Amino acid sequence: MCACLGSAPEKVDSALSGSERSRVLGEVADINAAAAAGDSGALYAQQYLLDRIYQLYTKIPRQQSAEGSVVVYEIARLLETATAAAQDRLIEPGLLEEAPTEPREYLSWLKNTARNHRVYKHPYYHEFIRNTATESDLRNYVMQESVVDGRFDDLLAMMQVGTAGAAKMEIAANFWDEMGNGDHAQVHTHLFNKIYEVFDISEDELDRSLTATSLLNGNLAVMLCRHRSMYPEAVGFLGMTEWMAPDRFVQVVHAWERLGLPEVGITYHRLHITIDSQHAQGWFHNVVLPAAGSAHMRRAIARGILWRLNSSAAYLDERMPSVAS
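This text gives an overview of the structure that appears in the document. Since the structure is predicted, the reported quantities are computational estimates derived from the model, not experimental observations.

## Things to note about the overall build of the chain
- A count of helical and extended segments in the chain gives 16 helices and 0 strands.
- Taking 2.2 N^0.38 as the reference for a compact globule, 325 residues should give roughly 20 Å; the C-alpha atoms of the chain span a radius of gyration of 20 Å, in line with that estimate.
- Taken along the three principal axes of its C-alpha coordinates, the chain extends 55 × 50 × 45 Å.
- Looking at the 325 residues of the chain, the share that counts as buried comes to 52%.
- Of the contacts formed within the chain by residues at least 6 apart in sequence, a portion of 80% connects residues at least 24 apart.
- Treating the 29 positive side-chain charges of the chain as one cloud and the 41 negative ones as another, the clouds have centres 2 Å apart.

In structure tokens:
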């Protein structure tokens, strides 16, 4: 299927018509069912294919592209629906119903829910990365983190479409910071790419290195930011990403210094320790609070936050040496 993504949409739809279309959609459904049953290989296949489809919408093509294909859209919807259902199954029954209705109480509840989650101050960062990670471990860490950190500016650009008022201004301010406030040398994706130079990471190696849980985190971010119907979930997902980042990046900086790695490669993380703390507070007060008067928005924002917490936990659990070995 991935090979078809480099063909024109009408060619893909012509090749995958009639019984062939039914066969392909059936195989995707089988992959989704196997992933839901705990098959790790199926989970990787599911998230890998979804990632490749999302690249149609997030990268400028170098050749023909299947963007616009009806069949590819159908496949994406099957993958997205299964991915969303899997994340919803991880949410503790009744938890979303516990959220307070008063906006400031609701905001406090969101933060306390995160603090009480097992991913908060996860040992991957506070024990492994900080104290024992090797240069090779940090190299792998950077590659896995690329699915969100390496394109945060594009995620913000996608999610702001259709917003207005304080929320749009907050997202815009966040985006402009990501753009280095107009200084190309300070653009955050440019600074993040400096880490690839330190570790001599090629695009091909990066593509081959991503695990199922890494792909899942990246796919969730694109799914929520791309679809307007999932905007409130994106508010929760990205807001929690920024809220957790400073504490995590402190541990990464400590490890970088402990290993004596080149200073140019840690600029991105140093910068985000301060900036993400400011962004998170602005996000909570200018995006979350104004929306929290709506029952629909409260539930959806909390859903996005829990998706981020749970998917991050699965990803970090996988990274722990005892599990990885």
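## Considerations on the side chain of aspartate 153
- With respect to the helices, strands and loops of the structure, aspartate 153 is situated in helix 8 (residues 152–159).
- The side chain of aspartate 153 is buried and forms no salt bridge, while arginine 151, the nearest opposite charge, is found at 8.2 Å.
- When neighbours within four sequence positions are excluded, aspartate 153 is seen to be in contact with Phe175, Glu178, Met179 and Thr189.

## Observations concerning the packing of helix 7 (residues 135–145) against helix 10 (residues 188–199)
- Direction vectors running N to C along helix 7 and helix 10 enclose 140 degrees, while the axes themselves pass 11 Å from each other. Crossing handedness for the pair helix 7 and helix 10: left-handed. Side by side, helix 7 and helix 10 meet where Glu135, Leu138, Arg139, Val142 and Glu145 of the first sit next to Phe192, Ile195, Tyr196 and Phe199 of the second.
- Here the contact of helix 7 with helix 10 is composed, by residue class, of 6 nonpolar, no polar and 3 charged.

## So, helix 2 (residues 18–36)
- The first and last C-alpha atoms of helix 2 sit 27 Å apart over 19 residues, in line with the 27 Å expected at 1.5 Å per residue.
- Looking only at helix 2, the buried set comprises Val24, Leu25, Val28, Asn32 and Ala35. End-on, the buried residues of helix 2 take up no more than an arc of 95 degrees, which puts them together on one face. Of the exposed residues in helix 2, those oriented more than 90 degrees away from the buried face are Gly18, Ser19 and Asp30.
- Two residues or fewer past helix 2, glycine 38 is found with a positive phi of approximately 100 degrees.

## Things to note about the layout of surface pockets
- As a volume, the largest pocket reaches approximately 1,200 Å³.
- Looking at the largest pocket, it is lined by 33 residues, and the ones nearest its centre are Gln55, Thr58, Lys59, Glu203 and Asp207.
- A per-element tally of the lining of the largest pocket places helix 3 (residues 40–58) first, with 5 residues.
- When the residues that make up the lining of the largest pocket are grouped by side-chain class, the tally is 13 nonpolar, 11 polar and 9 charged.
- The computed volume of the second largest pocket comes to approximately 350 Å³.
- Put simply, the parts of the chain that give the lining of the second largest pocket at least two residues each are helix 2, helix 3, helix 4 (70–89), helix 12 (212–226) and helix 15 (295–319).
- A per-element tally of the lining of the second largest pocket places helix 4 first, with 6 residues.
- Taken together, the residues of the lining of the second largest pocket break down into 10 nonpolar, 9 polar and 2 charged.

## Some remarks on empty space enclosed by the protein
- Under the counting rule described, the total for this entry stands at 1 cavity of 30 Å³ or more.
- In this structure, the largest cavity occupies an estimated 240 Å³ of space.
- In terms of lining, the largest cavity is formed by 21 residues, of which the most central are Glu145, Val148, Asp149, Thr241 and Arg308.
- At the level of secondary structure, the elements contributing two or more residues to the lining of the largest cavity comprise helix 7, helix 13 (231–259), helix 14 (267–291) and helix 15.
- The element that contributes the greatest number of residues to the lining of the largest cavity is helix 13, accounting for 6 residues.
- Partitioning the lining of the largest cavity into residue classes produces 9 nonpolar, 5 polar and 7 charged.

Definitions and limits used
- Residues numbered from 1 in each chain as written.
- Predicted model: local features only at pLDDT ≥ 70, side-chain atom pairs only at ≥ 80, totals over all residues.
- Heavy atoms only, no water.
- Helix = DSSP H or I, 4+ residues; strand = E, 2+ residues; numbered from the N terminus.
- Rg over C-alpha atoms; globule rule 2.2 N^0.38 Å.
- Buried < 20%, exposed > 50% of the residue type's maximum accessible area, 1.4 Å probe, protein only.
- Contact = heavy atoms within 4.5 Å.
- Lys, Arg positive; Asp, Glu negative; His and termini not counted.
- Charge placed at Lys NZ, Arg CZ, Asp CG, Glu CD.
- Salt bridge = Lys/Arg side-chain N within 4 Å of Asp/Glu carboxyl O.
- Axes fitted to C-alpha atoms, helices over the stretch in contact; angles between N-to-C directions.
- Left-handed = near helix turned anticlockwise from the far one by under 90°.
- Nonpolar A, V, L, I, M, F, W, Y, C, P; charged D, E, K, R; others polar.
- Expected span 1.5 Å × (residues − 1).
- Arc of directions from axis to C-beta.
- 1 Å grid on protein atoms, 1.4 Å probe; cavity = no way out; pocket = protein on both sides within 12 Å on 5 of 7 lines; lining within 4 Å.
- Points joined across faces, edges and corners; volume = space filled by probe spheres on them.

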